[in-house]
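Listed here are the chains, written in short residue letters.
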Amino acid sequence: MKILVSVKRVIDYNVKVRVKSDNTAVDLTNVKMSMNPFCEIAVEEAIRLKEKGIATEVVVVSVGTKSCQETLRTALALGADRAIQVDTEDGLDSLGVAKLLAKVAQNEAADLIIMGKQSIDSDNNQTGQMVAALLDYPQATFASDVVIENGEAQVTREIDGGLQTLSITLPAVVTTDLRLNEPRFASLPNIMKAKRKPLEVITPADLGIDVGSNVSVIAVAPPAERAGGVKVGSVAELVDKLKNEAKVVS
Amino acid sequence: MSILILAEHDNKSLKPATLNTVTAATQIDADVHVLVVGFECQAVADAACNIAGVSKVLMADNAVYEHQLAENVSKLIVDVASGYSHILAPATTTGKNTLPRVAALLNVAQLSDVIKVESADTFVRPIYAGNAIATVKSTDSVKVITVRITGFDAAASEGGSAECEAVTQVIESDRSRFVKEQLAVSDRPELTSASVIVSGGRGMGNGENFALLEGVADKLGAAIGASRAAVDAGFVPNDFQVGQTGKTVAPDLYIAVGISGAIQHLAGMKGSKVIVAINKDEEAPIFQVADYGLVADLFDAVPELESSL
Ligand SMILES: Cc1cc2nc3c(=O)[nH]c(=O)nc-3n(C[C@H](O)[C@H](O)[C@H](O)COP(=O)(O)OP(=O)(O)OC[C@H]3O[C@@H](n4cnc5c(N)ncnc54)[C@H](O)[C@@H]3O)c2cc1C
Ligand SMILES: Nc1ncnc2c1ncn2[C@@H]1O[C@H](COP(=O)(O)O)[C@@H](O)[C@H]1O
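Residues numbered from 1 in each chain as written. Chains lettered and ligands numbered in written order. Predicted model: local features only at pLDDT ≥ 70, side-chain atom pairs only at ≥ 80, totals over all residues. Heavy atoms only, no water.

Where an unreviewed UniProt entry is consulted, chain B appears under the name FAD-binding protein, with the organism given as Marinomonas vulgaris. Database annotation for chain B, UniProt heading Sequence similarities (unreviewed entry): "Belongs to the ETF alpha-subunit/FixB family." (UniProt positions renumbered as here; feature names shortened; annotations may be inferred.)

For chain A, the name recorded in an unreviewed UniProt entry is Electron transfer flavoprotein subunit beta, with Marinomonas vulgaris as its organism.

Draft legend 1. Just the UniProt feature "domain: Electron transfer flavoprotein alpha/beta-subunit N-terminal" (unreviewed entry) in chain B, in detail. Per the UniProt annotation, the sites labelled "domain: Electron transfer flavoprotein alpha/beta-subunit N-terminal" (unreviewed entry) are residues 3-182 of chain B. Each end of residues 3-182 of chain B is marked by a C-alpha atom, and these two atoms are 33 Å apart; helix forms 23% of the span and strand 34%. (Helix = DSSP H or I, 4+ residues; strand = E, 2+ residues; numbered from the N terminus.)

Draft legend 2. Just the site of ligand 1, in detail. Close to ligand 1 lie 29 residues, the nearest being Arg202(B), Ser227(B), Gln241(B), Ser260(B) and Asn279(B). Each of chains A and B places residues next to ligand 1. With respect to ligand 1, the side chain of Thr245(B) contributes an N or O atom lying 2.8 Å from a nitrogen atom. One of the backbone nitrogen or oxygen atoms of Leu298(B) is found 2.8 Å away from a nitrogen atom of ligand 1. Counting residues per element, the ones that place at least two in the shell around ligand 1 are helix H1 (37-51) of chain A together with helix H6 (228-232), helix H7 (263-269) and helix H8 (298-307) of chain B. Here the residues of the shell around ligand 1 sort into eleven nonpolar, 13 polar and five charged. (Near = heavy atom within 4 Å. Polar contact = N/O pair within 3.5 Å; in protein donor to acceptor, adjacent residues only side chain to side chain. Nonpolar A, V, L, I, M, F, W, Y, C, P; charged D, E, K, R; others polar.)

Draft legend 3. Local environment of the UniProt feature "domain: Electron transfer flavoprotein alpha/beta-subunit N-terminal" (unreviewed entry) in chain A. UniProt's entry tags residues 23-211 of chain A with the feature "domain: Electron transfer flavoprotein alpha/beta-subunit N-terminal" (unreviewed entry), counted in the numbering of this structure. A helix fraction of 32% and a strand fraction of 31% characterise residues 23-211 of chain A, whose end C-alpha atoms lie 25 Å from each other.

Right under this line is the structure:
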């Protein structure tokens, strides 16, 4: 079984986000970038399936500028076998990314596509579902448990009311939630080894995909700040404030 | 042009998230239709007909739709979607699961988690865990949108008198099968529609200690929430998680207990009207957004709070 994992290079989740003063975008100059945390979970799941002997090959793919090769190298250091960079400008919309990923999945004849549920920059939560729709594959989003058996994936999903388990036939798309696994760290020898693993660069034109978008960003503004509050000295003072000042407790 | 909304429901009752989505829709255009996809879901359709501002309800009632699987529901929506300028769903796990498939099948983009309508083609949505607010314009022929429910007031659940029309297409989903569900049963209000929420973090120490929060929640008629750390540690189930990648809430009162206030947590609760933080670390970032901060050990403060309410 071949697994395709998509990984996105995003602002590190610990970085304090700043909006550019001209309100056009978030300022990413000299900011630490990392693999999207949900993609780390996706890579980890694929590696575990390989370690269990269920997967035979793990291919990682990233869509973006040359800098996302760094993210692909990280995935290779974690244990992926081979990487593909689809060379594009940054800032494609999810539909464009999904079309590219769907085409790669088709070319690779991947049996399982594991993706993050959400990028922590765009907060879109849609690319995986779009890839599944474009390929007419079944999907299991927000996965917290994946069991592969007899050409099917039995997936437990984190939903608003609790947990749901679905059984989907392969090929399929799974998107990861936080509780699926705890990603490992890459060891130094593996980071060295990863430098020699194959990394192929292709273009949207190679894939015959047009990534044009009808969505434009008009402005990016900082959020309204909450006015700072006060510290109270005791529970009695807190209850008094809630009753008589904020009037949210009767 | 008309707007189609995918109703949020569990086959028995219409979920309040639908009402907020109706408000978002009426800010785009006046002709709002609601699509109910489910099984034995007549009561849901009846409730949708009563929503003020809804002019028509479409109901697809068939066993194949019982679990609202994304594969067939998205195809059904595309089937009935011609003529609609906008397709909306609340940004719940159901909406997020299904609507991107609809967008891809229609070859259009999706705008996720919209919090404000500027015009029929321009919308506002948070990005980067709410640390930036983007205004985006779409020239797609159909706008596919998920609506963040805390961005819009609920429409009145009574006062409408829409006609209900049956949708008879039966689309099977042969490659995806429902196996089972473990849904939390609770007498408490639902997290996303509660007016008071008491949330616990890693500082609670273990799951048993959440009983302390329940005591307070009982007195306030509150829902219980949690940080990711509390969920990851197994103190409470996953559906308690508030934050960037959990639920977004905006109650009148949010009480954060033993929660440090990471940006990913703040993203889900910063819109609350009044925020209270109880934390023993006076440097905890949660105090920067709290209207009332109490620096104290929660094991002293929470029982005292319960008894003084
Ligand atoms: C991709 C990604 C997505 C994420 N999504 C979310 C999300 O949706 N929601 C979310 O919440 N987090 C999310 N996180 C995690 C987030 O970054 C934090 O790790 C998490 O919110 C921390 O939870 P906490 O505040 O409970 O724990 P900690 O940060 O460990 O804080 C515990 C607090 O309890 C206090 N405390 C301890 N004992 C006591 C006591 N006896 N009395 C009083 N106070 C006490 C401590 O002073 C401390 O401030 C996400 C992270 C990533 C990477
Ligand atoms: N540019 C990209 N390159 C590779 N994978 C991506 C890219 N954008 C999105 N994805 C994948 O899609 C998931 C969901 O992203 P999104 O729909 O943008 O929230 C991510 O976790 C990635 O796995």
